[in-house]
Amino acid sequence: MIKNNPVILGIESSCDETAAAVIRGRTLLSDEIISSAAVQAKYGGVVPEIASRAHTDAIGNAVKRALDSAGVRKEELDAVAVTYGAGLLGALLVGLTYAKGLAYSLDLPLIGVNHIRGHLAAAYLEDETLRPPFITLLASGGHTAVIYTKTETQFEILGGTLDDAAGEAFDKVARILGLPYPGGPHVEALASAGSNAIAMPKMLKGQGGFDFSYSGLKTYVINYVHTMSQKGCTWSKADLACSFQHAALDILVEKTVEGALVKHCKTVTAGGGVIANGYLRAALTSACREKGLNLVLPARSRCTDNAAMIAAEGLIQYRAGNFSPLTLNAAASIPLR
Ligand SMILES: Nc1ncnc2c1ncn2[C@@H]1O[C@H](COP(=O)(O)OP(=O)(O)O)[C@@H](O)[C@H]1O
Ligand SMILES: [Mg+2]
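What counts and what doesn't
Residues numbered from 1 in each chain as written. Chains lettered and ligands numbered in written order. Predicted model: local features only at pLDDT ≥ 70, side-chain atom pairs only at ≥ 80, totals over all residues. Domains from an automatic or database assignment. Contact = placed C-beta atoms within 7 Å. Helix = DSSP H or I, 4+ residues; strand = E, 2+ residues; numbered from the N terminus. Nonpolar A, V, L, I, M, F, W, Y, C, P; charged D, E, K, R; others polar. Expected span 1.5 Å × (residues − 1). Pairing = 2+ DSSP bridges. Axes fitted to C-alpha atoms, helices over the stretch in contact; angles between N-to-C directions. Near = placed C-beta within 6 Å. Buried ≥ 20, exposed ≤ 12 C-beta atoms within 10 Å, placed from the backbone.

Under the domain assignment used here, the protein chain contains domain 1 (7-122 + 303-319) and domain 2 (131-297). When each unit is reduced to the centre of its C-alpha atoms, the spacing between domain 1 and domain 2 is 27 Å. Residue-level contacts link ten residues of domain 1 with 14 residues of domain 2. At three residues, the largest contribution of residues to the side of domain 1 that touches domain 2 is made by helix H4 (residues 115-121). Across the side of domain 1 that touches domain 2, the residue classes tally to six nonpolar, four polar and no charged.

What follows is the structure, encoded as structure tokens:
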């Protein structure tokens, strides 16, 4: 029987966060994360084998914490939603196998969730009145796109990156600047001590439709650092981080607002790790206000990987009657649709 406001457990283990969350309808009851990021930071990135083992250690506790802090017994669940892709195969299999075991033992429907659609669904938890159509800015470690969300299950990608994703550009620039992984928050912190003083490539400003390109910006930053050090010039890391941040993010704001105007949407949402960036949040907020657009931004902790967004997308699939067989396998890469 399909309920209107089901209680759904979401599980996420696609990368280095083991996460579990419980929602009732669109109300978030709990949101727990056990991260292996500190261990991974020693290696400058995520080591798949270490991630898988860390998930195995953490998954039972993450789920228990999520149920306990929600005040929900496992027998009260209506469905189990879990990320089945995209991500690291070994890492995904830990969450997926755990979710299957739980769904089987409790005789509950299993809902396999596309991680990226999870990022897009995070906004639904922020505003219970949010309804499509709207324009969504997706900016994560692997994806950058402006998306027209027609209905909860139908999307049109207006444009996307032609090369690197925005988050990937932050991670690569962080590495050039000697900052730890994941680079985004470290570049943001450094940028806040600098000014937008260094001229950067103009990106695909005013051209390329809704597409983005980050490879030229990344190369420019690499060349800047090499040239300055070869010439023995003094230069400011903070100014470089700040100027990069403006160039990388202003274009996202511009094309997202343009998307809303072209598609006659009154509402804009966003999702993905880069949306945690404070400069981007402020810039989107003021650009939307200027154009009279309603902006729904997920809380910062629900922009980076989390299980609440997986439960939120699980709710959409539950209402659409899209359940998964217990033979569902993990997939390293899957398209948005
Ligand atoms: N404050 C921030 N500013 C800019 N980028 C950020 C910030 N926080 C996280 N990121 C970036 O977000 C990405 C991770 O986001 P996520 O949505 O989990 O990616 P994916 O799901 O594609 O792996 C990383 O590239 C990270 O550097
Ligand atoms: Mg993610």
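In this model, helix H8 (residues 237-262) (26 residues) spans 38 Å end to end at C-alpha, consistent with the 38 Å of a helix rising 1.5 Å per residue. Looking at the residues trailing H8, positive phi occurs at His264, about 55°.

Taken in spatial order, the five strands of this open sheet run S8-S7-S6-S9-S10, and their pairing is mixed. Two strands bound the open sheet, and with one partner strand each, they are strand S8 (154-160) and strand S10 (294-296). Pairwise comparison of adjacent strand axes, ignoring direction, gives a mean angle of 25° for this sheet. Strands in contact with H8 are strand S6 (134-139), strand S7 (144-151), S8 and strand S9 (267-271); relative to S6, the strand with the most contacts, it is inclined by about 160°.

Attention now moves to the site of ligand 1. Taken together, 23 residues sit near ligand 1, with Ser140, Gly141, Gly167, Gly184 and Gly273 positioned nearest. Looking at the shell around ligand 1, the elements that each hand over two or more residues are H4, helix H5 (166-176) and helix H6 (183-191). Looking at the shell around ligand 1 residue by residue, the classes come out as six nonpolar, 13 polar and four charged. Split by domain, the shell around ligand 1 shows at least three residues from each of two domains, domain 1 (7-122 + 303-319) and domain 2 (131-297).

Glancing now at the pairing of S6. Each regular strand displays side chains that alternate between the two surfaces of the sheet. By the criterion of burial, S6 is predominantly enclosed, with six of the six residues buried. Along S6, one buried face is formed by Phe134, Thr136 and Leu138 and the opposite face, lined by Ile135, Leu137 and Ala139, is buried too. Pairing analysis gives six bridges linking S6 to S7, with the strands arranged antiparallel. Each bridged residue has a counterpart across the sheet, and for Leu138 the counterpart in S7 is Ala145. Count of turn residues in the S6/S7 antiparallel hairpin: four residues. Two elements, S6 and S9, share four bridges in a ladder whose sense is parallel. Each residue of the ladder has a partner; that of Ile135, found in S9, is Val268.

Here we come to the sheet that holds strand S2 (residues 17-24). The five strands lie next to each other as S3-S2-S1-S4-S5, forming an open sheet whose pairing is mixed. The sheet is open, and its two edges are formed by strand S3 (27-35) and strand S5 (110-114), each paired on a single side. If you compare each strand with its neighbour and ignore which way they point, the axes differ by 20° on average. Pairing analysis gives five bridges linking strand S4 (residues 79-85) to S5, with the strands arranged parallel. Pairing of Ala81 across the sheet is with Ile111, part of S5.

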